[in-house]
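# Structural description and commentary
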Amino acid sequence: MLHKPLFAICFGSLIIVLLAIAGGNMTGVPIAETLAARAKPAIAKAGGEGVVHAIFRSPGGWPSRHPVLVGGEGLNEKTRDTIAKAVAAVPGVGGIRWSDGTGFAESGEPPVDPLHCQNDVRALLKARTIRFEESSATIQPASINLVNEVAQALRPCLGSVILITGHTDSSGTEDINQALSRARAESIRSALIARGIPEESLRAEGVGSADPVEGLDPADPANRRIDFSVLQTAQIRPTPVDTPGPH
């Protein structure tokens, strides 16, 4: 009897992830195209017109605000450095990488301590909760604005890796709770990727009812929640080794 609801949850979660991927492509592509359009004149002004192109795609093919610069192999180190910094200064652009692996350029946005992002997200979730349909990983429409705010709070966390943890209360069997909490964390991860957060910056896990809120009864519905924590706090910064230059 327990296998049927568990199968239904897992199957439903797969459908949600596939829909989120489709939604991510529909939402992320315009963002990537906008950033590419903004980067083109910046590249031209810096001396790379027709030679260097900014590709706003992650290694997995997702639209991304962290572009790869291709071309320009014959340019000198100073020009390549100028181009990379010009693209990094475009509003909304994250860290820059050359396709030949010569390194990164820092975003033009002021550096932010990733732990501040964690605290900002937790502050958002202190008063409100991301809610899901009952026994489902589908985000309720009323929580979409909160997901948008979470994505906005995470955008300055360049270089950090964020863990998304799903929790449930103790009602139901732990096998089902574990599967549901993981599915909900994956649903949030997919929603954030669809909003332009790089997929390589997000991890997801589900812990079922194993970690209730301190002071609450494990069966309290308030234990049905999503937590965010920083796994890696190092930000991408140029150094003499990884500053973009000729290969």
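Predicted, not measured: the structure shown is a model, and the values here were computed from it.

This paragraph deals with the pattern of salt bridges. One pass over the full model with this rule turns up 5 salt bridges. A salt bridge links Arg224 to Asp169; the shortest N-O distance between them is 2.6 Å. Of the two residues, Arg224 sits in the loop between strand 6 (202-206) and strand 7 (226-232) while Asp169 sits in the loop between strand 5 (161-166) and helix 5 (174-194), which places them 55 residues apart along the sequence.

Moving on: the confidence of the model for the protein. When pLDDT is averaged along the protein, the result is 77, and 72% of the positions lie at 70 or above. Summarising per-element confidence for the protein, the mean pLDDT is lowest in strand 4 (residues 104-105) (46) and highest in helix 5 (94). The model gives residues 103-111 a pLDDT under 50, and that stretch makes 34 contacts with residues more than four places away or in other chains. Below a pLDDT of 50 lies the segment residues 234-247, which in the model reaches 45 contacts outside its immediate sequence neighbourhood of four places, other chains included.

The topology assignment puts Ile43 in helix 1 (residues 3-46). When the C-alpha atoms of Ile43 and Ile83 are compared, they prove to be 5.6 Å apart, with 40 residues separating the residues in sequence. Setting aside residues up to four positions removed in sequence, Ile43 forms contacts with Gly48, Glu49, Val52, His53, Ala54, Ile83 and Val87.

Counted according to the given criterion, the structure contains 0 aromatic pairs. Over the ring of Trp98 we find Arg80; its NZ or CZ atom is 3.9 Å from the centre of that ring.

Rules behind the numbers
- Residues numbered from 1 in each chain as written.
- Predicted model: local features only at pLDDT ≥ 70, side-chain atom pairs only at ≥ 80, totals over all residues.
- Heavy atoms only, no water.
- Salt bridge = Lys/Arg side-chain N within 4 Å of Asp/Glu carboxyl O.
- Helix = DSSP H or I, 4+ residues; strand = E, 2+ residues; numbered from the N terminus.
- pLDDT = per-residue confidence, 0-100.
- Contact = heavy atoms within 4.5 Å.
- Phe/Tyr/Trp six-rings, centres within 6.5 Å; stacked < 30°, edge-to-face > 60°.
- Lys NZ or Arg CZ within 6 Å of the ring centre and 35° of its normal.

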